[in-house]
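# Residue-level structural notes
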Amino acid sequence: MNILLAGGAGYIGSHTAVELLAAGHDVVIVDDYCNSCAEAVNRVEEVSGKKVVSYEADVKDKAAMTTIFKENKIDCVIHFAGLKAVGESVQKPIEYYRNNIDTTLTLLECMREAGVKKFVFSSSATVYGEENDIPYIETMKRGSCSNPYGWTKVMMEEILEDAAKADEDLTVVLLRYFNPIGAHESGRMGEDPQGIPNNLMPYIAQVAVGRRDHLTVYGGDYPTKDGTCRRDYIHVMDLANGHLKAVEYAADHKGVEVFNLGTGTPYSVLEIIHAFESANDIKIKYEIGERRAGDLPEFWANSEKAEKVLGWKTKRTLEDMCRDTWNWQKNNPQGYK
Ligand code: NAD
Ligand code: WQD
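Residues numbered from 1 in each chain as written. Chains lettered and ligands numbered in written order. Predicted model: local features only at pLDDT ≥ 70, side-chain atom pairs only at ≥ 80, totals over all residues. Heavy atoms only, no water.

Looking at an unreviewed UniProt entry, one finds the protein named UDP-glucose 4-epimerase and attributed to Anaerobutyricum soehngenii. The UniProt entry for the protein carries the following text under Sequence similarities (unreviewed entry): "Belongs to the NAD(P)-dependent epimerase/dehydratase family." Under the Cofactor (unreviewed entry) heading, UniProt states for the protein: "NAD(+)". (UniProt positions renumbered as here; feature names shortened; annotations may be inferred.)

Our focus in this paragraph is the pattern of salt bridges. Evaluation of the coordinates by the stated rule reveals 30 salt bridges. In this structure, the salt-bridge partner of D167 is K117, at a minimum N-O distance of 2.6 Å. With D167 in the loop between α6 (148-166) and β6 (171-177) and K117 in the loop between α5 (93-114) and β5 (118-124), this pair connects stretches of sequence that are 50 residues apart. Looking at K117, the relative accessible area reads 25%, which means it is partly exposed. Among the ionic pairs, R323 bridges to D320, the shortest N-O distance being 3.1 Å. Separated by three residues within a single helix, R323 and D320 lie in helix α11 (residues 318-331), roughly one turn from each other. With relative accessibility at 36%, the residue R323 sits in the partly exposed group. Ionic contacts of the salt-bridge type, sharing partners, join the residues R142, E157, E158, E161 and R176 into one network. (Salt bridge = Lys/Arg side-chain N within 4 Å of Asp/Glu carboxyl O. Helix = DSSP H or I, 4+ residues; strand = E, 2+ residues; numbered from the N terminus. Buried < 20%, exposed > 50% of the residue type's maximum accessible area, 1.4 Å probe, protein only.)

A word on the site of ligand 2. As a matter of local geometry, ligand 2 sits amid 18 residues, with S124, Y149, T216, R231 and D295 nearest to it. At 2.5 Å from an oxygen atom of ligand 2 is found a side-chain nitrogen or oxygen belonging to R231. Compared with its free state, where it exposes 690 Å², ligand 2 has 89% of that area covered by protein. If you tally residues by element for the shell around ligand 2, the top one is strand β8 (residues 215-218), at four residues. Here the residues of the shell around ligand 2 are counted per class, giving nine nonpolar, six polar and three charged. Composition of the shell around ligand 2 by domain shows at least three residues from each of domain 1 (1-179 + 232-259) and domain 2 (182-229 + 264-298 + 312-329). (Near = heavy atom within 4 Å. Polar contact = N/O pair within 3.5 Å; in protein donor to acceptor, adjacent residues only side chain to side chain. Areas by Shrake-Rupley, 256 points an atom, 1.4 Å probe, with all protein chains shown as cover. Nonpolar A, V, L, I, M, F, W, Y, C, P; charged D, E, K, R; others polar. Domains from an automatic or database assignment.)

Here we take up the site of ligand 1. In the vicinity of ligand 1 lie 29 residues, with D31, N35, S36, N99 and Y149 positioned nearest. Here V59 contributes a backbone N or O atom positioned 2.9 Å from a nitrogen atom of ligand 1. The protein chains hide 95% of the 810 Å² of surface that ligand 1 would expose on its own. Breaking the shell around ligand 1 down by element, the ones donating at least two residues are α1 (11-22), α5, β5 and α6. The dominant element in the shell around ligand 1, judged by the number of residues it contributes, is β5, at three residues. In terms of residue class, the shell around ligand 1 is built from 13 nonpolar, 10 polar and six charged.

As recorded in UniProt, the feature "domain: NAD(P)-binding" (unreviewed entry) lies at residues 4-325. End C-alpha atoms of residues 4-325 are separated by 27 Å, and the span's content is 41% helix alongside 17% strand.

Core analysis: the biggest nonpolar cluster contains 40 residues, and L5, V27, I78, V120, V173, L175 and L261 have the highest contact counts within it. Looking at which domains feed residues into this core, each of domain 1 (1-179 + 232-259) and domain 2 (182-229 + 264-298 + 312-329) supplies at least three. Excluding residues within four positions of it along the chain, L261 makes contact with L175, R176, Y177, F178, I234, L239, G242, S303, A306 and W312. (Core = buried A, V, L, I, M, F, W, Y, C linked by side-chain atoms within 4.5 Å. Contact = heavy atoms within 4.5 Å.)

This is the structure we're talking about:
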């Protein structure tokens, strides 16, 4: 298949590109590099040993996207192109709603005009909101979110479901990611956040490499066994493999399907710090600070549906996630720059 990756130069998109290329698919990457850079696409080619068609374009730009759909015969779209910083979304809600929802609508319009019928979407565990019990399972109702970023995901899932209701030939696969971490095993590709990292693992990696002095653990008084929050961390290459399985599933199914992509096993912040230390024989300086607004004490996935329907299962351990993160960070202390 020829697969268009909107936002394919980003962290998850670039790793997915490598996985799709290894399975014999072709990829077309469209990215405006608002949170990535062209070097990530070069690395995809280097690591995979294959050529990629790439465009620097804003996915909201209908004229540019129409040209891209005319120049390439696309079989399936995977939509990664979103703004994703939770805290920033509270400060800049209009930018988040505009970018995340407009990119989705533009892709749907272009697909309709070009007769493309397969859509895989980067959704998030955040759509379960604050009310649902854990572990999260796909049959639960979407909840209410504490921030505009989360609401964009809820709204986009609804838009995609309505689009599929109106066109019975359209296939939509909603992939709800839990907490992706880690990097490609080669050490040539990984997560490269701009500015101060918002997420735990890139922050730990930057402390390890000396770019930050210490990690602040957001809250040590949660009702968990060590007082710190627990999350379902998943290796980015296992997540990339989930996209491969989703694309293959979409090829011969119709309608909307939703899958959690997580391991089903939660780890606390302190467990992550200690796992990173022991996998890499390095000390991470940290202190326990205040809670961060909006953090839930704990959540993790029930991923049985992805296993049963897609035949997908995670293979990599927490140790792999920590080792691969450090292998990437120590060899690329400033990321792709
Ligand atoms: P990322 O920022 O590394 O990748 C997103 C890419 O989209 C970037 O390369 C960015 O430049 C591009 N982009 C954004 N808006 C664009 C636009 N209008 N036109 C063209 N390109 C645009 O983020 P990521 O971690 O790879 O996340 C990919 C997707 O997965 C996002 O939709 C995100 O919300 C979702 N997601 C991420 C996580 C996570 O923890 N990383 C968890 C759940 C869901
Ligand atoms: C993990 C844990 C923090 C940084 C976010 C989004 C979610 C999804 C994945 C997109 C939490 C703690 C963190 C730090 C810390 N993204 N932490 N010190 O918040 O679970 O999920 O990314 O859809 O929507 O909300 O991930 O990596 O930010 O935090 O103690 O400097 O690490 O409090 O318990 P989170 P995270």
